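Below are the chains, spelled out letter by letter.
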Amino acid sequence: MTAVTGNHKATVRIKDLLLRAYIGIKEEEINNQQDVLINVCLTYDAAAAINENNIRAALNYRTITKQIIGHVDGNRFALLERLTHEVLSIVMEHEAVHWAAVEIDKPHALRYAESVSVRLEAHRDS
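In this report, the structure presented in the accompanying data block is examined. Note on numbering: residues in each chain are counted from 1, in written sequence order. It should be noted that, the model being predicted, local features are given only for residues of pLDDT at least 70 and side-chain atom pairs only at 80 or more, the latter also being counted only at that level, while totals for whole chains, interfaces and linings use all residues. Side-chain numbers come from the whole structure's heavy atoms, not from hydrogens or water.

## Points about the sheet that holds strand β3 (residues 76-77)
In a beta sheet, neighbouring strands pair by backbone hydrogen bonds and run either parallel or antiparallel. As a reminder, the rule being used: One requirement defines pairing of two strands: DSSP has to find at least two bridges between them. Helix and strand labels come from DSSP, where a helix needs a run of H or I of at least four residues and a strand needs a run of E of at least two; each type is numbered from the N terminus. Whether two residues are in contact is decided by their heavy atoms, any of which lying within 4.5 Å being enough. Axes here refer to lines fitted to C-alpha atoms; in helices the fit is confined to the stretch in contact. Angles between the N-to-C directions go from 0 to 180 degrees.
The strand order β3-β1-β2-β4-β5 describes an open sheet built from five strands, whose pairing is mixed. Either end of the sheet is taken by a strand with one partner, and the two such strands are β3 and β5 (115-123). Pairing geometry for strand β1 (residues 9-23) and strand β2 (residues 34-45), over 11 bridges, is antiparallel. Residue pairing across strands places isoleucine 14 opposite valine 40, the latter belonging to β2. This element, helix α3 (residues 61-72), spans β1, β2 and β3 of the sheet and lies at about 20° to β1. Where helix α4 (residues 80-92) meets the sheet, it contacts β1, β2, β3, β4 (97-107) and β5, and its direction lies at approximately 150° from that of β4.

## What to know about the pattern of salt bridges
A pair can form between side chains of opposite charge whenever their charged atoms are brought close. Stated precisely, the cut-off is as follows: A pair is scored as a salt bridge if a Lys or Arg side-chain nitrogen falls within 4 Å of a carboxyl oxygen belonging to Asp or Glu. Exposure classes here rest on a 1.4 Å probe applied to the protein chains alone. A residue is buried below 20% of its type maximum, exposed above 50%, and partly exposed in between.
Enumeration according to the criterion identifies four salt bridges in this entry. The salt bridge involving glutamate 29 is made with lysine 106; its shortest N-O contact spans 2.7 Å. On the criterion of sequence distance, the pair formed by glutamate 29 in helix α1 (residues 27-31) and lysine 106 in strand β4 is long-range, its members being 77 residues apart. Of the residues examined, lysine 106 reaches a relative accessible area of 8% and is grouped as buried.

## Regarding the nonpolar core
Note on soluble globular proteins: their nonpolar side chains tend to be buried together. Put simply, the rule is: Only buried residues count toward a nonpolar core. Its members are Ala, Val, Leu, Ile, Met, Phe, Trp, Tyr and Cys residues joined through side-chain atoms within 4.5 Å.
Core analysis: the largest hydrophobic core is formed by 31 residues, its most contacted members being Ile38, Leu42, Ile68, Val72, Leu83 and Val91. Contributions of two or more residues to this core are made by β1, β2, α3, α4 and β4. Not counting residues up to four positions away in its chain, the partners in contact with isoleucine 68 are Leu17, Leu19, Ile38, Val40, Asp73, Val87, Ile90 and Val91.

Dropping the structure here:
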């Protein structure tokens, strides 16, 4: 196999994580769970994972996903902005993550629109 040198920055995407939460400020939103669709994109240095071919050397995105599910599913949030910030904070708690973006959609939040989404990004200072 040909050796590849250079940057081993991996991009990991968690796509279309569909959860239910109480999200909003109107009485109907406070009393009824709604779907939220979560997308996470993050980067980390995967050199150790590539070289060792061992899960212990890789970023465990399953753990991150479980933490997001535990925090969001069935819980209450007034604002989509706050929910997005909290999910981004969960992702950035993992020291291996260099950069992350979280976008959360609230389907059918507006009449005639498929969804409304909020996207936030964070990066770790080197």
